[in-house]
Amino acid sequence: MTETRQRPLRVLAAMSGGVDSAVAAARAAEAGHDVTGVHLALSANPQSFRTGARGCCTIEDSRDARRAADVIGIPFYVWDLAERFREDVVEDFVAEYEAGRTPNPCLRCNEKIKFAALLDKALALGFDAVCTGHYATVVLREDGTRELHRASDMAKDQSYVLGVLDERQLAHAMFPLGDTLTTKDEIRAEAERRGLAVAKKPDSHDICFIADGDTQGFLAGRLGRAEGDIVDESGAKVGTHDGAYGFTIGQRKGLRIGRPAPDGKPRYVLDISPVNNTVTVGPAEALEVSALTAVKPRWCGTAPSGPGTYTAQLRAHGGETEVSAELVDGELRVAFTEPVRGVAPGQAIVLYDGTRVVGSATIAATTRRQSHVTA
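Residues numbered from 1 in each chain as written. Predicted model: local features only at pLDDT ≥ 70, side-chain atom pairs only at ≥ 80, totals over all residues. Heavy atoms only, no water.

**Q** Please explain the overall build of the chain as it appears in this structure.
**A** Across its full length, the chain holds seven helices and 18 strands. In terms of overall dimensions, the chain is globule-like: its C-alpha atoms have a radius of gyration of 22 Å, near the 21 Å expected for 375 residues. Counting only C-alpha atoms, the chain reaches 65 × 50 × 35 Å along its principal axes. Going through the 375 residues of the chain one by one, you find that 52% of them count as buried. Across the chain, every contact between residues at least 6 apart in sequence was considered, and the portion connecting residues at least 24 apart equals 65%. Summed over its atoms, the accessible surface of the chain is roughly 16,800 Å², and 48% of this surface lies on carbon and sulfur atoms. Computing the positive centroid from 44 side-chain charges and the negative centroid from 51, the chain places the two 3 Å apart. (Helix = DSSP H or I, 4+ residues; strand = E, 2+ residues; numbered from the N terminus. Rg over C-alpha atoms; globule rule 2.2 N^0.38 Å. Buried < 20%, exposed > 50% of the residue type's maximum accessible area, 1.4 Å probe, protein only. Contact = heavy atoms within 4.5 Å. Areas by Shrake-Rupley, 256 points an atom, 1.4 Å probe, with all protein chains shown as cover. Lys, Arg positive; Asp, Glu negative; His and termini not counted. Charge placed at Lys NZ, Arg CZ, Asp CG, Glu CD.)

As structure tokens, this is what we get:
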């Protein structure tokens, strides 16, 4: 059954300045909870973040969140978590790319900031729950345990980036948008009916701490330019690059390869070696992954025992694929029923049992059908 509350709760609503979090806070207040809005200041210099209402932590966003709280009629505060965000999200992002991996900063922010630093502070101040505008659902079972499930509307489901939450965090999580079958246009219409000025504000899709959306330029500024070779599967040099950290497994565009492949087909990034600063490219079929090993598993409830069959999601807006998985010596061993492409170390794999989120882990190594292993 979907979780219902028997008594009003003290709820801390994380308000990013966007329409989803504003409507979520309004719904929580309308349900009779004692709601306080909070905007997270995640940059020591907010002017350096994106302007034009495209990010989630700009000066404009803070002002939009405050105006929404005023309309809802709830107290509002700005909490400075810039240093924690820099250490746990930004520096982690840079370090992962430097190591040749492909991180998901939004997932890391949910794990380390919104449902760790923010939740811990909220509980210390006497709040019962943290409310966000994510599209996912918390279900309360008869035995008192909680489960994380996909949103009722699969088109807007965001459970992938919440797959890092454990049972304790789920016990204090509230997602008022998750169990309603409404389109984004209807959410915006609801915001307009409520008098929220963010009703027509564009959604944020980019990385909030990269002001111009240029990830490669951002990394070059942090790590410096380091020219290296682009090679094919035989090891023959086919081009050069300014830094291996600027590439991701499966990337096709921006390779700057001087000569075409012998068969004339497009080439993709197959491997990134930070040790010798080399990027390996090859045909699309060489990207097919049959199995992987993932580390740092986090379970949304009790850890599964023994092998099991699940569906897996490998990126925030990706589809599901059938897998068999088993926890072995603290590592998650996963085999795909059908090979998949574009799987990169550093990405999160999230396992599902139907709509229930079982848990997640960070991909450490993949096994290709052509026996090429990426680690």
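Having put the structure on the table, let's press on.
**Q** Whenever I open this one, the pairing of strand S12 (residues 289-299) confuses me. Can you help?
**A** Along any regular strand, the residues point their side chains to alternate faces of the sheet. Here S12 pairs with strand S15 (residues 331-340) via five bridges, running antiparallel. Residue threonine 293 lies in a different strand from S15, and its bridge partner there is arginine 333. By the bridge criterion, eight bridges tie S12 to strand S17 (residues 356-368) in an arrangement that is antiparallel. The partner of leucine 292 across the bridge, within S17, is threonine 366. (Pairing = 2+ DSSP bridges.)

**Q** Help me understand the sheet that holds strand S11 (residues 278-282), please; the structure alone is not making it clear to me.
**A** Where strands meet in a sheet, backbone hydrogen bonds hold them as pairs that are either parallel or antiparallel. Judged by pairing direction, the sheet is mixed, and its four strands sit side by side in the order S9-S8-S11-S10 without closing on themselves. Taken across any chain shown, the strands that pair with only one partner, and hence form the sheet edges, are strand S9 (237-241) and strand S10 (268-273). On average, each strand axis in the sheet is inclined to that of its neighbour by 25°, with strand direction left out of account. (Axes fitted to C-alpha atoms, helices over the stretch in contact; angles between N-to-C directions.)

**Q** Explain the domain arrangement of the chain here, please?
**A** Accessible area lost upon the coming together of the parts serves often as the stated size of an interface. By the assigned domains, the chain splits into domain 1 (10-200), domain 2 (225-286) and domain 3 (288-374). Measuring from the centre of the C-alpha atoms in domain 2 to the corresponding centre in domain 3 gives 26 Å. The partner domain 3 presents ten residues to the seven residues of domain 2 that form the contact. Carbon and sulfur atoms supply 46% of the area buried between domain 2 and domain 3, which totals about 710 Å² over both sides. (Domains from an automatic or database assignment. Buried area = accessible area lost by both parts, 1.4 Å probe.)

**Q** Can you help me understand helix H2 (residues 59-72) in this one?
**A** Because an α-helix completes one turn every 3.6 residues, residues spaced three or four positions apart along the sequence face the same direction. Relative to the 20 Å expected for 14 residues at 1.5 Å per residue, H2 spans 20 Å between its end C-alpha atoms, a close match to the ideal helical length. Within H2, the full set of buried residues consists of Asp61, Ser62, Asp64, Ala65, Ala68 and Ala69. Angularly, the buried residues of H2 cover 165° about the axis, an arc narrow enough to put them on a single face. Opposite the buried face of H2, at more than 90 degrees from it, the exposed residues are Arg63 and Asp70. Where H2 is buried, its residues touch helix H1 (19-30), strand S2 (34-41) and strand S3 (76-80). Positive backbone phi, at 90°, marks glycine 73, one or two positions downstream of H2. (Expected span 1.5 Å × (residues − 1). Arc of directions from axis to C-beta.)

**Q** What exactly am I supposed to notice about the environment of alanine 99 here?
**A** The residue alanine 99 is located in the loop between helix H3 (82-98) and helix H4 (105-124) in this model. On a C-alpha basis, the gap between alanine 99 and leucine 81 in space is 26 Å, while along the polypeptide they are 18 residues apart.

**Q** Hey, could you run me through the nonpolar core in this one?
**A** A general feature of soluble globular proteins is that nonpolar side chains tend to end up buried together. If you look at the biggest cluster of nonpolar residues, it comprises 46 residues, and the most contacted ones within it are Phe85, Phe175 and Phe209. Counting residues per element, the ones that place at least two in this core are strand S1 (10-14), S2, H3, H4, strand S5 (136-140), helix H7 (215-223) and strand S16 (348-353). It is H4 that provides the largest number of residues to this core, a total of eight residues. Each of domain 1 (10-200) and domain 3 (288-374) gives at least three residues to this core. (Core = buried A, V, L, I, M, F, W, Y, C linked by side-chain atoms within 4.5 Å.)

**Q** What am I meant to see in the packing of aromatic side chains here?
**A** On inspection of all chains with the given rule, the structure shows six aromatic pairs. Taken together, the ring pairs in this structure connect Phe85, Phe93, Tyr97, Phe209 and Phe218 into an aromatic cluster. Positioned above the aromatic ring of phenylalanine 127, the side-chain terminus of arginine 10 is 4.3 Å from the ring centre. Directly above the ring of tryptophan 79 sits lysine 121, whose terminal nitrogen or CZ lies 4.3 Å from the centroid. (Phe/Tyr/Trp six-rings, centres within 6.5 Å; stacked < 30°, edge-to-face > 60°. Lys NZ or Arg CZ within 6 Å of the ring centre and 35° of its normal.)

**Q** Before we go on, may I ask you to explain the packing of H1 against helix H6 (residues 184-193) in this structure?
**A** The angle between the axes and the distance between the axes are what describe a pair of packed helices. Closest axis-to-axis distance for the H1/H6 pair is 10 Å, and the angle between their directions is 60°. Of the possible angle classes, the one that applies to H1 and H6 is oblique. Crossing of H1 over H6 shows left-handed handedness. Residues Val19, Asp20, Val23 and Arg27 of H1 touch H6, and the partners they reach there are Lys184, Ile187, Arg188, Glu190 and Ala191. Looking at the contact of H1 with H6, its residues break down into four nonpolar, no polar and five charged. (Parallel < 35°, antiparallel > 145°, perpendicular 65-115°, else oblique. Left-handed = near helix turned anticlockwise from the far one by under 90°. Nonpolar A, V, L, I, M, F, W, Y, C, P; charged D, E, K, R; others polar.)

**Q** I tried to follow the pattern of salt bridges on my own but got confused; where do I start?
**A** Where charged atoms from two side chains of opposite charge approach closely, those side chains can pair. Evaluation of the coordinates by the stated rule reveals 28 salt bridges. Across the pair aspartate 92 and arginine 108 runs a salt bridge whose closest N-O atoms are separated by 3.6 Å. With aspartate 92 in helix H3 and arginine 108 in helix H4, the pair connects residues that are 16 residues apart, well separated along the chain. Given a relative accessible area of 17%, arginine 108 falls into the buried group. (Salt bridge = Lys/Arg side-chain N within 4 Å of Asp/Glu carboxyl O.)

**Q** How should the sheet that holds S1 be read in this particular structure?
**A** Strand order in the open sheet formed by five strands is S3-S2-S1-S4-S7, with parallel pairing between adjacent strands. Two strands in the sheet have a free side with no partner beyond their single neighbour: S3 and strand S7 (173-174). Examined bridge by bridge, strand S4 (residues 129-131) and S7 share two bridges and lie parallel to one another. By the bridge assignment for S7, cysteine 131 is matched with methionine 174.

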